[in-house]
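Now for the letters of each chain:
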Amino acid sequence: MRTLLAALALALGPGAALAAPAAPAAGKTSITWYGHAAFVVTTPGGTVLAIDPFFQNPRSPDPKAGETLPRIDYVLVTHGHGDHVGDAIAIGKRTGAKLIASFDLCKALVNAGYPAAQAGYATCGNIGGTIQAGDAEVTMVPAVHSSSFGDQPGAAEEGHPLGFLIRVKGGPTIYHTGDTDVTMDMKLIPERWGPVDVMLACIGGHFTMDPRGAALAATFVGARTVIPMHYQTYPVLSGTPAELERALAALHSRARVRVLVPGAPTAF
Ligand SMILES: [Zn+2]
């Protein structure tokens, strides 16, 4: 079935006309993957969060989603690299979405045009902080990576890279790892914040953890479901979901791998 759906997504190809993610069924949270690290989460209360909105990535089912999604309440950006900032600034200008990012990256994005009134103390924070985002709480957790923004000479580090732990009221706890390797710090996540229902885990390798690292990370956070991301977007990101499944099996993990079809809302 998974293979069939993947083939269908390939057949549709990039740019296939897709409607905006449907409102989730009552009481459910909808997660839509747009390829790479880009996700749109819609909560039971109707809050819409766009995470790392690089909608123009090579595996995106809808490169114009940043221009057409009818509602985005919050834009979450894990770190300053272009494959994560993506369309954040244009989305902020068009939709009025508030920016959830590290304080330093917020400053950099405001300097680049993100509306300042939507990137203030209410939503810009740092590791350990929790932001109220409608009926979800977003906690900023560590990621081990780098975070520069912009191509200008001397582009500075723009804050520490983050992962996001999104606790949806009456819904799942979702952990977006950002770009990172597996770290011992991940063991603190379930201890501090409770079990992770859905882990959005980078598996591509080269710039982040590979499938074996992601499998170990899934055991560290006690993830029930692992959705692989940040793989096969470019040839160098060579990790595959099949490798993730094998690595989880080798660790005797009960975590279930769920490969999302880009553009297809999935209820949790
Ligand atoms: Zn990346």
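Residues numbered from 1 in each chain as written. Predicted model: local features only at pLDDT ≥ 70, side-chain atom pairs only at ≥ 80, totals over all residues. Heavy atoms only, no water.

Chemist: Is there a simple way to think about the nonpolar core in this case?
Modeler: Grouped burial of nonpolar side chains is what soluble globular proteins tend to show. Grouped together as the largest cluster of nonpolar side chains are 51 residues, with contacts concentrated most on F39, L76, I100, F164, I166, Y175 and M199. The greatest single-element share of this core, amounting to 6 residues, is contributed by helix α7 (residues 211-221). Once you skip the residues sitting within four places of it in the chain, F39 turns out to touch I31, T32, W33, L49, A50, I51, H176, L200, I227, M229 and L260. In terms of nonpolar packing, the next biggest core, distinct from the first, is built from 26 residues, A38, V77, C106 and L109 among them. (Core = buried A, V, L, I, M, F, W, Y, C linked by side-chain atoms within 4.5 Å. Buried < 20%, exposed > 50% of the residue type's maximum accessible area, 1.4 Å probe, protein only. Helix = DSSP H or I, 4+ residues; strand = E, 2+ residues; numbered from the N terminus. Contact = heavy atoms within 4.5 Å.)

Chemist: What am I meant to see in the coordination of the zinc ion here?
Modeler: Angles at a metal have ideal values that depend on geometry: 109.5 degrees with four tetrahedral donors, 90 or 180 degrees with six octahedral donors. Protein coordination at the zinc ion comes from D83 (OD), H84 (NE2), D179 (OD) and H230 (NE2), with a distance range of 2.1 to 2.3 Å. With 4 donor atoms in place around the zinc ion and angles of 89 to 170 degrees between them, the coordination shape is irregular. (Donors = N, O, S within 2.8 Å, 3.2 Å for Na, K, Ca; no water. Tetrahedral: all angles 85-135°; square planar, octahedral: opposite > 155°, others 65-115°.)

Chemist: Would you mind showing me how to read the sheet that holds strand β2 (residues 39-42) here?
Modeler: Think of a sheet as strands paired side by side through backbone hydrogen bonds, with each pair either parallel or antiparallel. What the 7 strands build is an open sheet, ordered β6-β5-β4-β3-β2-β1-β14; its pairing is mixed. Each edge of the open sheet is held by one strand with a lone partner, namely β6 (124-125) and β14 (266-267). The sheet contact formed by strand β3 (residues 48-51) and strand β4 (residues 74-76) spans 3 bridges and is parallel. Looking at β4, one finds that I51 is bridged to L76. (Pairing = 2+ DSSP bridges.)

Chemist: Just checking my understanding: could you explain the packing of aromatic side chains for this structure?
Modeler: To describe a pair of aromatic rings, one takes the distance between the centres and the angle between the planes. If you walk through the whole model with that rule in mind, you get 4 aromatic pairs. Pairing W33 with Y231 gives two aromatic rings, centres 5.9 Å apart and planes at 20 degrees, and the pair type is stacked. In this pair, W33 is assigned in strand β1 (residues 30-33) and Y231 in the loop between β12 (225-229) and α8 (241-250), connecting sequence segments 198 residues apart. Accessibility expressed as a relative area gives 0% for W33, which makes it buried. Ring geometry for Y34 versus F55: centroids 4.9 Å apart, planes at 75 degrees, classification edge-to-face. (Phe/Tyr/Trp six-rings, centres within 6.5 Å; stacked < 30°, edge-to-face > 60°.)

Chemist: When you look at the state of the cysteines in this model, what are you seeing that I'm missing?
Modeler: Covalent bonding between the sulfur atoms of two cysteines defines a disulfide. Scanning all chains against the criterion turns up 1 disulfide. At a sulfur-sulfur separation of 2.0 Å, the disulfide partner of C106 is C124. Disulfide C106-C124: the torsion about the S-S bond is -90 degrees, which places it as left-handed. One end of the pair, C106, is in helix α5 (residues 103-111); the other, C124, is in strand β6, with 18 residues separating them in the sequence. (Disulfide = S-S within 2.5 Å.)

Chemist: Even after reading the chapter, I still don't get the side chain of H230, so can you show me in this structure?
Modeler: Of note, H230 is situated in the loop between β12 and α8. Within the structure, H230 has its side chain in polar contact with the side chain of D83 (distance 3.3 Å). (Polar contact = N/O pair within 3.5 Å; in protein donor to acceptor, adjacent residues only side chain to side chain.)

Chemist: In this structure, what is going on with the pairing of strand β10 (residues 173-176)? I would like to understand it.
Modeler: The two faces of the sheet receive side chains in turn, since in a regular strand these alternate between them. Of the two faces of β10, the one lined by T173 and Y175 and the one lined by I174 and H176 are each fully buried. Between strand β9 (residues 162-168) and the antiparallel strand that follows it, β10, lie 4 residues; G170 among them carries a positive phi value of about 70 degrees. Of the pairings in the sheet, the one linking β10 to strand β11 (residues 198-202) comprises 3 bridges and is parallel in character. Counterpart to H176 in the pairing with β11 is L200.

Chemist: Just checking my understanding: could you explain the pattern of salt bridges for this structure?
Modeler: Pairing is possible between side chains that carry opposite charge, provided their charged atoms lie close to one another. Scanning the model with the defined rule gives 3 salt bridges in all. A salt bridge links D73 to R71; the shortest N-O distance between them is 3.0 Å. (Salt bridge = Lys/Arg side-chain N within 4 Å of Asp/Glu carboxyl O.)

Chemist: Could you clarify how one ought to interpret the confidence of the model for the protein chain in this entry?
Modeler: A low pLDDT score tells you not to read the predicted coordinates there in detail. When pLDDT is averaged along the protein chain, the result is 91, and 89% of the positions lie at 70 or above. Contacts from residues 1-17, a stretch scored under 50 in pLDDT, to residues over four places away or in other chains number 13 contacts. (pLDDT = per-residue confidence, 0-100.)

Chemist: What is the right way to look at the pairing of β12 in this model?
Modeler: The buried fraction of β12 amounts to 5 of the 5 residues, a majority that puts the element mostly inside the structure. Neither face of β12 is left uncovered, since the one carrying T225, I227 and M229 and the one carrying V226 and P228 both have all their residues buried. Inspection of the sheet shows β11 paired to β12 by 5 bridges, in the parallel sense. By the bridge assignment, V198 is partnered in β12 with T225.

Chemist: Help me understand the side chain of T177 in this model?
Modeler: Within the secondary structure layout, T177 lies in the loop between β10 and α6 (188-193). Looking at T177, its side chain comes within polar contact range of the main-chain nitrogen of C202, at 3.4 Å. Those residues in contact with T177 that sit more than four places away from it in its chain are A143, L162, G163, M199, L200, A201, C202, M209 and M229.

Chemist: Which parts of the structure should I look at to understand the environment of E137?
Modeler: Relative to the helices and strands, E137 is located in strand β8 (residues 136-142). With 30 residues separating them along the chain, E137 and R167 place their C-alpha atoms 5.1 Å apart. The residues contacting E137, other than those within four sequence positions of it, are T130, I131, Q132, L165, I166 and R167.

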